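Fold and contact review
Single-letter residue listing:
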Amino acid sequence: MKSAVFLDRDGTINIEKDYLFQIKDFEFVDGAVEAIRLLNRAGLFVVVVTNQSGVARGYYTEEDVENLHRHIAAELKVSGAHIDAWFYCPHHHSGRGSYALPCKCRKPLPGMLLEAARVYDIDLQKSTMIGDKSADIEAGISAGCRSILVRTGYGAEEEKNIGSETVVADDLLSAVKSLLV
Ligand SMILES: [Zn+2]
């Protein structure tokens, strides 16, 4: 079984912007590319798990999400880094049509982590969730993973809402370095 690192996207890998979907608005958090490259080199399986309720809310489409992910993958490739698997939740309870589900994948529920574990044979007890929101930390804990909160994105505000047992790091690169020591 594999050890994985689950990464939140907005506010963790890239600078938080409300309902980001356009390539021109995408900006990596400083050090994020290096962090992902270090995870790749360490042989850890890197999985993005991101809530994208903008789809349910009608702000953008699943195709937009997938286009942006292709762009991120291409940018990472230039720097010799890669994401092994991408999961996103397009749902929201107050969303439109078929997206208005009480789903099991929207964080803080652990559905995306559990699905990734099933598909890719990941040992959740030997895996870590890194994100900037308490929903990320809760999803990680529910899945049986270690969790690290980063202070980028909403993390600096969220720090007071999480338990004192949760590890906090300044950003993704420092979170990854703390994992790899
Ligand atoms: Zn969902």
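About the criteria used
- Residues numbered from 1 in each chain as written.
- Predicted model: local features only at pLDDT ≥ 70, side-chain atom pairs only at ≥ 80, totals over all residues.
- Heavy atoms only, no water.
- Helix = DSSP H or I, 4+ residues; strand = E, 2+ residues; numbered from the N terminus.
- Expected span 1.5 Å × (residues − 1).
- Contact = heavy atoms within 4.5 Å.
- Buried < 20%, exposed > 50% of the residue type's maximum accessible area, 1.4 Å probe, protein only.

**Focus on helix α2 (residues 62-78)**
In this model, α2 (17 residues) spans 25 Å end to end at C-alpha, consistent with the 24 Å of a helix rising 1.5 Å per residue. As for α2, its buried residues are in contact with α1 (32-41), β2 (45-51) and β3 (85-89). One or two steps after α2, the chain reaches Gly80, where phi turns positive at roughly 70°.

**Some details on unusual backbone geometry**
A cis geometry characterises the amide bond from Lys107 onward to Pro108, with omega recorded as 20°. Residue placement: Pro108 occurs in the loop between β3 and α3 (111-120). Backbone geometry at Tyr19 places phi at a positive 50°, although glycine is not the residue there. When you line up the elements, Tyr19 lands in the loop between β1 (4-7) and α1. Although it is not a glycine, Asp121 adopts a positive phi angle of roughly 60°. Structurally, Asp121 is set in the loop between α3 and β4 (128-131). Asp121 sits in the partly exposed class, given a relative accessible area of 41%.

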